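What the coordinates show
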Amino acid sequence: MNFQLRLGVNFNFRMTVLAGVLLAGVAGLLPALPADAADRLVIYSGRKEKAIKPVVDAFTKQTGVLVDLKVGKTSGLANEIRMEKARPRGDLYISTESGIMEILSKEGLLEPYQSAATKAVPEDFRSATGTWTGISGRARITLYNANLVPEKAAPRSIFELTNPRWKGKLAIAGTRERTTLAWATALVALKGEAFTRDFLKGLHANDLKILTDNTEVWQGVGRGEFAIGLTNSPNYYLARQNNLPVGVVYPDQDAGGFGTPVNPNAVAVIKGAANPEAAHKFIDFLLSAEGQRILVTQDYEFPLIANVDSSEVPPLKSIQRTAVTAQQLADLEEATLKLLTSLNPNW
Amino acid sequence: MTQAGPLTLAPATPLASASGWLPRIGTLALLVGMGLLVLPPLLYLAAAAVKAGELGAVTIVSLVGLAFTTLSLATLATIWAMLLALPLAWLVIRTDLPFRTLCRWLAVIPLAIPSYIGAMSYIALLGPVGSVNTWLSALLGTPQQWVNIYGFWGGVFVLGLFTYPYIFLLVSAALEATNPAVEETARSLGDSPLGVFRRVTLPMLRPSMLAGGLLAFLYALSDFGSPSLLRVQVFTTAIYHQLNTRFDQAAAAMLSFVLVLITIAVLIGQHMLLRRRSYVTITGTARVARPLHLGRWRWPAALLAGMVLSLSVFIPLGVLLAQTGSLGHFLEVVREQGDYIKNSLLIAGLAATLAAILGLLIAFTARHTPPRTGALLSGTIQIGYAIPGTVLGLSLILLYNTYIPWLYGTVGVLVVAYLIRFLTQSVQGVDAALTGINPHLEEAARSLAASPWRVLRRVLAPLVRPTLFAVWALVFISAMKELDATLLLRPAGFDTLPVRVYIHTVEAEYARAAVMALLLIAFTALPWMVVTRLREKKLV
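Small disclaimer: the values here were computed from a predicted structure and weren't measured. Residue indices begin from 1 for each chain and proceed along its sequence in written order. Written order decides the labels, with chains lettered from A and ligands numbered from 1. Restriction of local features to residues with pLDDT of at least 70 applies here, the model being predicted, together with a cutoff of 80 or more for giving and counting side-chain atom pairs; totals for whole chains, interfaces and linings are based on all residues. Neither water nor hydrogens contribute to the side-chain values; these are computed over all heavy atoms in the structure.

1. Here we look at the overall build of chain A
From N to C terminus, chain A includes 12 helices and 11 strands. Counting the 347 residues in chain A, one finds 57% classified as buried. Contacts spanning at least 24 positions in sequence make up 77% of the contacts within chain A whose residues lie at least 6 apart. Only the protein chains shown count as cover for residues, and the accessible areas themselves come from Shrake-Rupley with a 1.4 Å probe. A total of about 14400 Å² of accessible surface is found on chain A, and carbon and sulfur atoms cover 53% of it. By definition, any uninterrupted DSSP run of H or I lasting at least four residues is a helix, any uninterrupted run of E lasting at least two residues is a strand, and each is numbered from the N terminus. Buried, partly exposed and exposed residues are distinguished by accessible area as a fraction of the type maximum, computed with a 1.4 Å probe on protein chains only: under 20%, between the cut-offs, and over 50%, respectively. By definition in these notes, contact holds between two residues if any of their heavy atoms fall within 4.5 Å.

2. Thoughts on empty space enclosed by the protein
Residue and element names in this part refer to chain A. A 1.4 Å probe that fits into a set of points on a 1 Å grid over the protein atoms alone but cannot get out defines a cavity; an open set with protein on both sides within 12 Å along at least five of seven lines defines a pocket, and lining residues are those with an atom within 4 Å of a point. Grid points are joined across faces, edges and corners, and a volume is the space filled by probe spheres set on the points. This model, assessed by the stated rule, comprises 14 cavities of 30 Å³ or more. As for the second largest cavity, its lining consists of 14 residues, of which Asp124, Phe125, Val262, Pro264 and Val324 are closest to the centre. Among the elements of the structure, β10 (262-270) and α12 (326-343) are those that each provide at least two residues to the lining of the second largest cavity. As a working rule, the residues Ala, Val, Leu, Ile, Met, Phe, Trp, Tyr, Cys and Pro are called nonpolar, Asp, Glu, Lys and Arg charged, and the rest polar, with Gly in that last group. Split into classes, the residues belonging to the lining of the second largest cavity amount to 8 nonpolar, 4 polar and 2 charged.

3. Section: the packing of helix α9 (residues 193-222) of chain B against helix α18 (residues 412-435) of chain B
Residue and element names in this part refer to chain B. Between α9 and α18, the shortest axis-to-axis distance is 8 Å and the interhelical angle comes to 165 degrees. The pairing of α9 with α18 is recorded here as roughly antiparallel in orientation. α9 and α18 meet at a crossing whose hand is right-handed. Packed against α9, whose contacting residues are Pro207, Ser208, Ala211, Leu214, Leu215 and Ser222, the element α18 presents Arg421, Gln425, Gln428, Ala432 and Thr435 at the interface. Axis geometry follows a simple rule: fit a line to the C-alpha atoms, using only the stretch in contact for helices, then measure angles between N-to-C directions, giving values from 0 to 180 degrees. Small angles under 35 degrees read as roughly parallel and large ones over 145 as roughly antiparallel, with 65 to 115 read as roughly perpendicular and the rest as oblique. Take the far helix as your reference; a near helix turned counterclockwise from it by less than a right angle gives a left-handed crossing, and one turned clockwise gives a right-handed crossing.

4. Digging into the interface of chain B and chain A
Counting from both sides, the interface comprises 59 residues of chain B and, opposite them, 57 residues of chain A. As a working definition, buried area equals the accessible area (1.4 Å probe) given up by two parts on being put together, with both sides summed. Here chain B meets chain A over a buried area of about 5200 Å², counting both sides, of which 56% is carbon and sulfur. It is B:Arg231, B:Phe247 and B:Glu507 in chain B that bury the most area against chain A; as a group they hold 14% of the surface buried on that side. Salt bridge, as applied in this entry: a Lys or Arg side-chain nitrogen positioned within 4 Å of an Asp or Glu carboxyl oxygen. Linking A:Glu49 and B:Arg500 is a salt bridge whose minimum nitrogen-to-oxygen distance equals 2.5 Å. Side-chain atoms alone can form a polar contact between residues adjacent in sequence; in general such a contact is a pair of N or O atoms within 3.5 Å, and within protein one must be able to donate a hydrogen while the other accepts it. At the junction of chain B and chain A, the tally comes to 13 residue pairs in polar contact (both at pLDDT 80 or more). Contributions of two or more residues to the side of chain B that touches chain A are made by α10 (225-229), α11 (235-244), α15 (339-367), α17 (389-403), α20 (452-481), α21 (484-489) and α22 (497-506) of chain B. With 6 residues, α15(B) is the largest single contributor of residues to the side of chain B that touches chain A. Looking at the side of chain B that touches chain A residue by residue, the class counts come to 33 nonpolar, 15 polar and 11 charged.

5. As for the environment of A:Gly222
All names here are of chain A. In this fold, Gly222 is placed in helix α8 (residues 214-223). A C-alpha to C-alpha distance of 9.3 Å links Gly222 and Tyr236, two positions 14 residues apart in sequence. The residues contacting Gly222, other than those within four sequence positions of it, are Asn145, Leu244, Pro245 and Val246.

6. What about the side chain of B:Thr380?
All names here are of chain B. With respect to the helices and strands, the residue Thr380 is situated in helix α16 (residues 371-384). What makes Thr380 buried here is its relative accessible area of 15%. Once you skip the residues sitting within four places of it in the chain, Thr380 turns out to touch Val38, Leu39 and Ala375.

7. Some points on α12(A)
In this model, α12(A) (18 residues) spans 25 Å end to end at C-alpha, consistent with the 26 Å of a helix rising 1.5 Å per residue. One axis is fitted to the seven residues ending at the residue and one to the seven starting there. The bend at that residue is the angle between these axes. Taking the largest bend as the criterion, α12(A) deviates by roughly 50 degrees, centred on A:Glu333. Take the number of residues in a helix, subtract one, and multiply by 1.5 Å to get its expected span.

8. Focus: the packing of helix α8 (residues 180-188) of chain B against α9(B)
Residues and elements named next belong to chain B. Two elements in contact, α8 and α9, have axes whose closest approach is 10 Å; the angle formed by their N-to-C orientations is 165 degrees. Between α8 and α9, the angle is such that the two are roughly antiparallel. Judged by the twist between their axes, the crossing of α8 over α9 is right-handed. Contacts from Val182, Glu183, Ala186 and Arg187 of α8 reach α9 at Val196, Val200, Thr201 and Met204. Looking at the contact of α8 with α9 residue by residue, the classes come out as 5 nonpolar, 1 polar and 2 charged.

9. Remarks on the pairing of strand β8 (residues 228-232) of chain A
Residue and element names in this part refer to chain A. The element β8 is largely enclosed, with a buried count of 5 among its 5 residues. Bridge count for strand β5 (residues 133-145) against β8 is 5 bridges, and the pairing is antiparallel. From the neighbouring strand, Ile141 faces β8, where its bridge partner is Thr231. In this structure, strand β6 (residues 170-173) lies alongside β8, joined through 3 bridges in parallel fashion. Of the residues in β8, the one forming a bridge with Leu170 is Ile228. In this scheme, strands are said to pair when DSSP sees at least two bridges between them.

10. Re the side chain of A:Thr231
All names here are of chain A. Mapped onto the secondary structure, Thr231 falls in strand β8. Looking at Thr231, its side chain comes within polar contact range of the side chain of Asn235, at 2.6 Å. Other than its neighbours up to four places away in sequence, Thr231 contacts Ala139, Arg140, Ile141, Leu143, Asn214 and Val217.

11. Quick look at the pattern of salt bridges
Under the definition given, this model contains 18 salt bridges over all chains. Close ionic contact of A:Lys167 with A:Asp207 constitutes a salt bridge, the shortest N to O distance being 3.9 Å. Note that A:Lys167 is positioned in the loop between β5 and β6 and A:Asp207 in the loop between α7 (193-205) and β7 (209-211), a separation of 40 residues in sequence. Its relative accessible area of 45% is what places A:Asp207 among the partly exposed residues. Taken together, the salt bridges that share partners define one network made up of A:Glu49, B:Arg490, B:Asp495 and B:Arg500.

12. A word on α8(B)
Residue and element names in this part refer to chain B. Taken together, the buried positions of α8 are Pro180, Glu183, Glu184 and Ala186. The buried residues of α8 all sit within an arc of 160 degrees when viewed along its axis, so they share a single face. The first or second residue beyond α8 is Gly190, which carries a positive phi of 100 degrees. This arc describes the spread of directions from the helix axis toward the C-beta atoms.

13. With respect to the packing of aromatic side chains
Describing an aromatic ring pair means giving the distance of the ring centres and the angle of the ring planes. Residue and element names in this part refer to chain A. Classification of ring pairs rests on two measures: the distance between centres of Phe, Tyr or Trp rings, Trp counted by its six-membered ring, which must be within 6.5 Å, and the angle between planes, read as stacked under 30 degrees, edge-to-face over 60 and tilted in between. The final tally for this structure, using the stated rule, is 15 aromatic pairs over all chains. Over a ring means this: the NZ of a Lys or the CZ of an Arg is within 6 Å of the ring centre and within 35 degrees of the ring normal. The ring of Phe159 has Lys191 lying over it, and the distance from NZ or CZ to the ring centre is 5.0 Å. Between the NZ or CZ atom of Lys191 and the centre of the ring of Phe195, over which it lies, the distance is 5.2 Å.

14. Points about the nonpolar core
By nonpolar core is meant a set of buried Ala, Val, Leu, Ile, Met, Phe, Trp, Tyr and Cys residues that side-chain atoms within 4.5 Å join together. Counting 221 residues, the largest nonpolar core has A:Leu41, A:Phe282 and B:Tyr164 as the members making the most contacts within it. For this core, the leading source of residues is helix α2 (residues 60-94) of chain B, giving 17 residues. Residues contacting B:Tyr164, with those up to four places away along its chain left out, are B:Ala81, B:Leu84, B:Ala85, B:Leu88, B:Ala107, B:Pro110, B:Val308, B:Leu309 and B:Ser312. Of all hydrophobic cores here, the second largest spans 31 residues; its members include A:Ile172, A:Ala186, A:Leu203 and A:Val249.

15. What to know about a nonpolar patch on the surface
All names here are of chain B. Residues Leu28, Val32 and Leu36 make up a contiguous nonpolar surface patch of about 310 Å² in total accessible area. When you line up the elements, Leu36 lands in helix α1 (residues 21-52). Take Leu36: its relative accessible area is 59%, and that puts it in the exposed class. What makes a patch is a set of residues exposed beyond 30% relative accessible area and free of salt bridges, joined within 9 Å when like-charged and within 5 Å when nonpolar (Val, Leu, Ile, Met, Phe, Trp, Tyr).

16. Description of the confidence of the model for chain B
All names here are of chain B. On average, residues of chain B carry a pLDDT of 81, and 88% of them reach 70 or more. Per residue, pLDDT captures the predictor's confidence, and it can take any value from 0 to 100. In this model, residues 1-18 is a region of pLDDT below 50 whose contacts with residues beyond four sequence positions or in other chains number 18 contacts. Scoring of the predicted complex yields 0.79 for pTM and 0.74 for ipTM.

17. Remarks on the pairing of β6(A)
Residue and element names in this part refer to chain A. On β6, burial covers both faces: Leu170 and Ile172 on one face and Ala171 and Ala173 on the other are all buried. Pairing of β6 with β7, which is carried by 3 bridges, proceeds in the parallel orientation. Paired with Ala171 across the bridge in β7 is Lys209.

18. Observations concerning unusual backbone geometry
Residue and element names in this part refer to chain A. If you check the backbone angles, Asp207 has positive phi at about 60 degrees while not being a glycine. Phi angles above zero are rare outside glycine, and Asn243 is one such case at about 60 degrees. In this fold, Asn243 is placed in the loop between α9 (233-241) and β9 (246-249). Owing to a relative accessible area of 69%, Asn243 belongs among the exposed residues under this scheme.

Shown next as C-alpha cells:
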C-alpha cells in the first residue's frame, strides 16, 4: 500500500514539474505573439520579400507608419482576400501579375485610388477605373544555355521554336505560373485561337517540357537540362547571379512583329481597408523615384515611370511590347486555359 | 503491506456504458467540441463541392486517373516505409545493435525534414543534371542520364523515406510496452529469432503497425510538396492548379471532397481490419526486454540500419549543409531571423500539448462509449488529416473570420488548424497503446470502485506514458513543419520556420533557405532528443 502511494506521489510530482516547465516555456514565448495591429498598415504581398521589404523599410523610415508584411503566393493571397471579404484584414495587396487584379476588381474586392503618382504610370499598366496600378514590369524572354546554343544560333522569334532542330530542347512553366497563362492568352488575343493552337501543337511536336514553375525553367536551362526556356526577364539575371551560362533574347522585335508581352507587378487598395490613408501614402511612395529605384534594383525589373535608372536592365521603351490589354487578358483567360489543357493536361 | 481485512467485492460496472452523469457529460462535451472543430470545414467543402456541380476543367476520366495515381503512390510509399521501419524498430528495441540509442533517436529525424525539403535535396542529387549524373558522366567519360528522380517512382522513394518514422515510432513504443516474456518463452522453446518475430512479435504489433501505416498512407495522400516538386500528378497538385491557376475555389473544393471521401473509405477499411483480430499483453508490466544477442549478425545489422539512416537523414542533411555556405553566413542568418524560431516553438508546442491531452481523453472515451459513438468520434478526427492544408486554410478563414473574428488573426487559429490536421496522430497512437493493454487490468481497477477518471489517471496513463510522449513529439513535429495552412492563416508579421524556408526558396536564395531548413530540423528534433534522454534515465 505504502509503496503504491509513494509511486503515485512521485508520478504526480513529476507531472507537476513537467507542467510547470511547459507553462514557463509558453509564458516565455508569449512575447512572440504579434502586438495589437490596429494602427499598422497591413500589406499582403505576392511580390518577393527581397524586393518589397527594402521599400517597406524605407517607407517606415520616411513616414513613421509601421507595417505588418505578409508575403505569400500571389494567388493564395488573392484567395485569402476573397475569403476575408466580409471582414477585410489587409489594407494593400501587391500581385505579380495584372490579370488577377482584373478578376478581384470585377468581384468588387478592390477600392479605386488615383493620384498624380499613379497617373504617371503608362495607361496599359494600370486599371482604367483606378482599382489597380502597375509598379514594375517583367518581359517574356527566351532564355538559352550559352554552352549548348551559340549566340548567333539563338532563336530571334518564338515562332522559330517549332523548327525540328529544337526538338527535345524546350521548356516552359505550366499555367500555375500566371505569367505563362498571360503569354498564351496574349497569343490568342492577337494571333487568334486557330493560329495559337497550331503553334502550340508545333511546340508539343518538339516535345516541349512543361515544368512546375519558372525557377525550374531557369535552373534547367542554366544546368543544361534544356537548351531553351520561355520565361520572364528577371530570371535571366537570377541565373547569371548564380553563375550559370545563360543568354537572353527579347523575341520578335522586328518592326511590325508580335513583340514580347510585358507583365506588370501591381498594387491595389483592398476594399474595406482599415487604413486607407496609409495605404495611399504607400502607393505614392512605391511610385516615387526613390521607391521605384529600390524596387527595381532588388530584382532586375523595368521601372514603370520615366527617368528612373534601371541599371543593368534595358530601358522599357527599348522593348517592343505586345499590344495586349489587361482587359483582353482577363476576358480570354478561360478560353485559353481550355485550349491549353485540351492539347496537353500538364499545362 | 497492510493487514488484509475481510474481502468485499464491489459490483463490476460494465465498461461499455460509463455510469454516472459526469462521464456522460464529459463524453458529450468531447463529442460536441470535436464536432465543432472538424465538421464545419468539412461541411464547407461539401457545400462548395455541391455548388460546383460540374467539374469545370476536370473530367471524370482525369478524375479516375488522378485517383489511381494518388492511391498507387500512397500505397507503394507506405509499403516502402514499412520495409524501412519494421526491421529498424525491431533491431533498435530488441537486439544489441551497436549504437542502438543513437539509431533510435536518429530514426525519427526524417519526420523533422519536410518532404518538400527532402525532395529538393534528392533532386539536387539524383535529378537529370544532379550531382550523381554529373559524377558518373565525368567518371565514365560518356555524358548521359544514368538516374532520374523525377516521376512516380521518385515520388514513392522520397515519400517512403520521410514517412517511415511514423511506423517506427509507434511500433517501437509498442515493442517496448509489450511484455517480452511471451517472446522469451517462444525463444526458450527453441523457435528461431525470425520465427519468434513472425509468429509472436509481429501479431502483437499489428495495431501499431496499422496505426503507423495509416499515418504514413494519409500523409502520402495529402502531401503536396514532394509530388509537386517531383512532377507527379496527384489530387493535391490538381487542387493547387484549380486554386492558383484557374482561381476556382469550387473545383478545388470538389477535388478535395473526393480526396476526403477516399480517406473515409480507407479509414473504414482500417477499422474493419483492426476489428478482425486483436492481441493484448497478459500483464501490465512495462519491463525492459533482455536484448537478443545478434552475434555475427551484429555488424551486418548495423550496416542495414546505417543505410536506412543515410538515405533518410545523412544525405538530405549533407545536401542542406553543403548549400548553407560558410559558418559566418549561417550565424548571420540565425542572428537576423532568430525570432521566427520562437514563433514556431510557441504554436507547435501549444498544439502538441493540447493534442496529447485531447488524444488521451478521446481515445479513452472512444473505448468507453458504445462502439458506434467511439468510431464516429475518432473517425471524425481522422478525416481532418485528409483535408489539404491550403483548402483547410481557406475554409478556416471564411468560418473563423465570419463567426469567431477575435480568434482569427491571432495564433489561435493556427493552433485550431494544427489540431484539425494532426489530432488524429495523437488519438491513433494512444488508441493503439490502449489496445495493447489487457482490459482485465482496467476491469480490476473498476471492480475496486475506481472512477473512470481515476482509472485513466492511475492505471492507464502510467502504462501509455511512453506513447503519450511519443504522440506529443509526433504532433509537435507535424505542426513545426506545416506550411500550406500556415501560409494563409498566419497573422501578418508572424512567420514560422517553414514559411521562411518557403519564402527564401521561392526567391531562389538557397543558402538562406538551407539555413532556415536546418534550424527547422534542429528545433523540431530537439524535444525528441530530450524525451529520449529523459526516458533513458527513467525520468519519464
